[in-house]
Amino acid sequence: MIKSAISFLFGCVLLVQLNSLPDSLYLWLLIPALIFVFFSHFRWVAFIAFGFFWAYFQASILLDDRLNLDLQGQNLTITGTIDSVPELYDRRIRFEFKPDQDQNISLPKIILLSWYQPFAKDLQADERWQLTVRLKQPYGMKNPGSFDYESWLFQQGIGATGYVRNNNQNNRLENAAIYSVNTLRQSLFNAIEQHLSSSDHRGIIQGLTTGIRHNITQQQWQLLRLSGTSHLLAISGLHIGLAAAIGFFSFRWLWSRRANNLLILPAIQVAAIGGFVLALFYAALAGFSIPTQRALLMVSVVMVSLFIKRPVAITSTLALSLLLILIWDPLSVLSAGLWLSFAAVAVILFSCQYRFPKPRWQWAKIHVFIALGLTPLLLVFFLQLSFIAPIANIIAVPFISLIVVPLLLLSIFLLWLYEPIGLLLLDFVDLILSLFWPFLDLVVSLPYSHWTSAQIPLLYLLPIVISIAL
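Residues numbered from 1 in each chain as written. Predicted model: local features only at pLDDT ≥ 70, side-chain atom pairs only at ≥ 80, totals over all residues. Heavy atoms only, no water.

**Topic: the overall build of the chain**
- The helix and strand inventory of the chain stands at 18 helices and nine strands.
- For 470 residues, the compact-globule estimate of 2.2 N^0.38 gives 23 Å, and the chain sits close to it at 24 Å.
- Here the contacts in the chain between residues at least 6 apart in sequence split such that 70% fall between residues at least 24 apart.
- Of the roughly 25,400 Å² of accessible surface on the chain, a fraction of 65% belongs to carbon and sulfur atoms.
- Computing the positive centroid from 29 side-chain charges and the negative centroid from 23, the chain places the two 13 Å apart. (Helix = DSSP H or I, 4+ residues; strand = E, 2+ residues; numbered from the N terminus. Rg over C-alpha atoms; globule rule 2.2 N^0.38 Å. Contact = heavy atoms within 4.5 Å. Areas by Shrake-Rupley, 256 points an atom, 1.4 Å probe, with all protein chains shown as cover. Lys, Arg positive; Asp, Glu negative; His and termini not counted. Charge placed at Lys NZ, Arg CZ, Asp CG, Glu CD.)

**Things to note about the packing of aromatic side chains**
- Scanning the model with the defined rule gives 13 aromatic pairs in all.
- On the numbers, 6.4 Å between centres and 70° between planes, the contact of Phe95 with Phe97 is edge-to-face. Neither residue differs from the other here; Phe95 and Phe97 are each classed as buried.
- Ring centres of Tyr149 and Trp152 lie 6.2 Å apart, and the angle between their planes is 15°; this geometry places the pair in the stacked category. One end of the pair is Tyr149 and the other is Trp152, both in helix 4 (residues 149-155) and three residues apart, which spans about a single turn.
- In this structure Tyr149 comes out as partly exposed when scored by relative accessible area, which is 27%. (Phe/Tyr/Trp six-rings, centres within 6.5 Å; stacked < 30°, edge-to-face > 60°. Buried < 20%, exposed > 50% of the residue type's maximum accessible area, 1.4 Å probe, protein only.)

**Quick word on the side chain of Gln269**
- For Gln269, the location among the structural elements is in helix 10 (residues 267-285).
- You can call Gln269 buried: its relative accessible area is 10%.
- Looking at Gln269, its side chain comes within polar contact range of the main-chain oxygen of Phe307, at 2.7 Å.
- With residues near it in sequence (within four places) discarded, Gln269 still touches Phe307 and Lys309. (Polar contact = N/O pair within 3.5 Å; in protein donor to acceptor, adjacent residues only side chain to side chain.)

What follows is the structure in structure tokens.
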């Protein structure tokens, strides 16, 4: 399983290294590749081919879904559904729009739109609108060390970007369903916005609860990056796994309170169901973003193995999770999050095998090993290292994971059940974040706490990887 997953990953990586998609005639190479499946020693060759052509197939679909050049720069009147929670900025509002496909013109499945002032301030997710827009194909600069906007649009499946033209033809056609996921997310986002309007940590709390992070300031992001703790603000593996753990142990404890329940279904199976349900709930709150989809797939593999009561090696579980994620989205190899999350888990598994003396210090060593193990990836993706990250994460990870996130999950339920207590919990989380933030300021202000580099050649990275592995 491990060789197969790595081979499939390698095939996906090979595809995204190409400047353009190869000719479809190369698909005939799949036939000889199938022969290698029947030879165990050479099965990895078949999985490389499978990964390559599966990524080719998915990339072809996304590229074919781009805006037709003939429609670029024209005024188009289209109808469709707002497919995300609108993000409000100083002078504009941004949202994903899913056009109706029964129109006279062929449009991409998802469009990213900006609506500049004056815009409809009561815009809601999942509403149907008629809009006059001007569109263009996805485009972005790719400068070393900067955010690759076009790659991000490609990974999100966005086939066009554009803006709304202000005229009388912009009309709401249908209101959003009351209990749609995006409507619930927007109502929660707005409740936090109103209650914590004067708080400096409003964006942090909104990001951890709904996955909507545009209210997090550039200074806050910079502080998180330099301290090596920015992963704590992305609802992905750590948070979905934490939600699954809370659900698992809570359901197991509750089910075991009555002895007759255990005659119906063993507590561990009920716990596996509870863990998956709470992880699914948290992923829905985050809008099923691509990182949460990956994390949810990983959690599902673990919970299914627990439910069927079949012992599975942790490394095999990790490999199966990687394989399923790549089958679900082979182009996720373009995302730094995929590499960092799986590398971090692999480092944790390696460092917890008691191959080193004094296992009682294992909790501290894990942070050092993760900081070392992720160094090449951080240099490749961000051209930046945080030397203070192990110290910052020793405090920040348990603080965010064991205190802030559980309190926020509890406050979400209480906001729906009894709002005053839910708002009180939000105030308490805001208070403890105001006490925690100076700690990050302190560690980042230390001398030699971080290092930023120009783009590093491959010949420099190879000895770095080898020395870290040793």
